[in-house]
Amino acid sequence: MKITKFDQARSDFDEVMAAAMHHLATSRLVAIPTETVYGLAGDATDGVAIARIFETKKRPQFNPLIAHVSGMEMAGNIGVFDRLSQKLATTFWPGPLTLIVAQNPMSRIHDLVTAGLETIAVRCPGGPAGALIKSYGSPLAAPSANLSGKLSATSAQHVAGEFRGEDILVLDGGDCVMGIESTIAQVQADRIIILRAGSISAEQLGEVANCPVEFAPASSAITAPGMMASHYAPRAQVILECTSKLPDSAMLAFGNSHERGDLNLSERGDLREAAANLYRQLRQLDGLGMDKICVAPIPRTGLGIAINDRLARAAAPRNSTGN
Ligand code: TXA
Ligand code: MG
């Protein structure tokens, strides 16, 4: 495990980039900062690297990974983009949108990445992660950099704490701006299906595509995040919609209408700020060692849909694991 600052404004950026590329080219893993959460990245064409991702995360192998690309050209080498998917990609990339498209038959992506599906999840992150993928010249498979089913990591320190002793190069790009995973969407005929709510809203997608947008039902047969009931979970039991703090619990508040709480996702009731704080604050409260974390009600509009989705999984019974 090594943590290195990864900042395009620093004089050692090229050096760090070269070290990261060497790591990737030798089937090893690199933790990368993205606008959403940190990713645990490996060369998506290299079966040894991908097997290491699953092993390191203790992730069930049937759950496919997102292939991260540097732009539309690399995306077209691995996926087939219909007109609407292409429009969404050119509008929202680089950024927090993952598109599920048919795999390009010429793709060199390893089968372990797609878990045998005919579709592939493609996302183009911005910032230094995008620069790394561009220089490396090949897509990177990267799930969130956390043990399967646990809270996603939004800082290099969270990643390091999760994977102590592993051979991982952690690129420290500071705190993630969004703090919540990408929106996962799939174009089906003349509509968009959202498989995972994220920081790009249904309204934003519908406005650009000018077509209906629907959320996939929780029981959907699609191999997708919804399969995993328990997910994004801290150690403590999570109790939702609390308007006051329960005995022997830590409280995560929102806004100023209810009890103050031990921590507040956003005192001014701003959902973007709440999303950015969500995983870090859940980790902090988990660290207090209480049996329960009670969470105040969060409005179910805009980004609040994604926040409530993650909280519902954090609160779900722990008999299944997630990503
Ligand atoms: O923001 C993000 O998306 C982060 C950063 C690192 O990019 N990544 C992330 O990856 O959240 P992960 O592996 O934790 O979640 C990806 C989800 C999984 O739940 C998986 O089921 C779904 O994407 N997925 C991958 N390929 C799919 C496919 N072909 N069809 C449907 N869902 C797919
Ligand atoms: Mg995940």
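Only a predicted model underlies this, so the values are computations on that prediction, with no experimental measurement involved. (Residues numbered from 1 in each chain as written. Chains lettered and ligands numbered in written order. Predicted model: local features only at pLDDT ≥ 70, side-chain atom pairs only at ≥ 80, totals over all residues. Heavy atoms only, no water.)

Student: Describe the nonpolar core, and please don't skip the residues or the numbers.
Tutor: Core analysis: the largest hydrophobic core is formed by 65 residues, its most contacted members being Leu88 and Trp93. Those residues in contact with Leu88 that sit more than four places away from it in its chain are Trp93, Leu97, Leu99, Val187, Ile192, Leu205, Val208 and Ala209. Core analysis: the second largest hydrophobic core is formed by 30 residues, Val37, Ala236, Ala274 and Ile298 among them. (Core = buried A, V, L, I, M, F, W, Y, C linked by side-chain atoms within 4.5 Å. Buried < 20%, exposed > 50% of the residue type's maximum accessible area, 1.4 Å probe, protein only. Contact = heavy atoms within 4.5 Å.)

Student: Which residues make up the packing of helix α1 (residues 13-25) against helix α6 (residues 127-136), and what are the values?
Tutor: As a packed pair, α1 and α6 sit with axes 10 Å apart at the nearest point and diverge in direction by 60 degrees. Put simply, α1 runs oblique to α6. The handedness of the crossing between α1 and α6 comes out as right-handed. Residues Phe13, Met17, Ala20, Met21, Leu24 and Ala25 of α1 pack against Pro128, Ala131, Leu132, Ser135 and Tyr136 of α6. Along the lines of polarity and charge, the residues of the contact of α1 with α6 split into ten nonpolar, one polar and no charged. (Axes fitted to C-alpha atoms, helices over the stretch in contact; angles between N-to-C directions. Helix = DSSP H or I, 4+ residues; strand = E, 2+ residues; numbered from the N terminus. Parallel < 35°, antiparallel > 145°, perpendicular 65-115°, else oblique. Left-handed = near helix turned anticlockwise from the far one by under 90°. Nonpolar A, V, L, I, M, F, W, Y, C, P; charged D, E, K, R; others polar.)

Student: Which residues make up the side chain of Glu181, and what values do they have?
Tutor: By secondary structure assignment, the location of Glu181 is in the loop between β9 (168-172) and β10 (183-188). Of the polar contacts made by the side chain of Glu181, one reaches the side chain of Tyr279; its length is 2.9 Å. Ignoring anything within four residues of it in the chain, the contact list for Glu181 reads Thr36, Val37, Ser152, Arg196, Ala197, Gly198, Ser199, Tyr232, Tyr279 and Arg310. (Polar contact = N/O pair within 3.5 Å; in protein donor to acceptor, adjacent residues only side chain to side chain.)

Any functional reading would require information that these geometric values do not contain.
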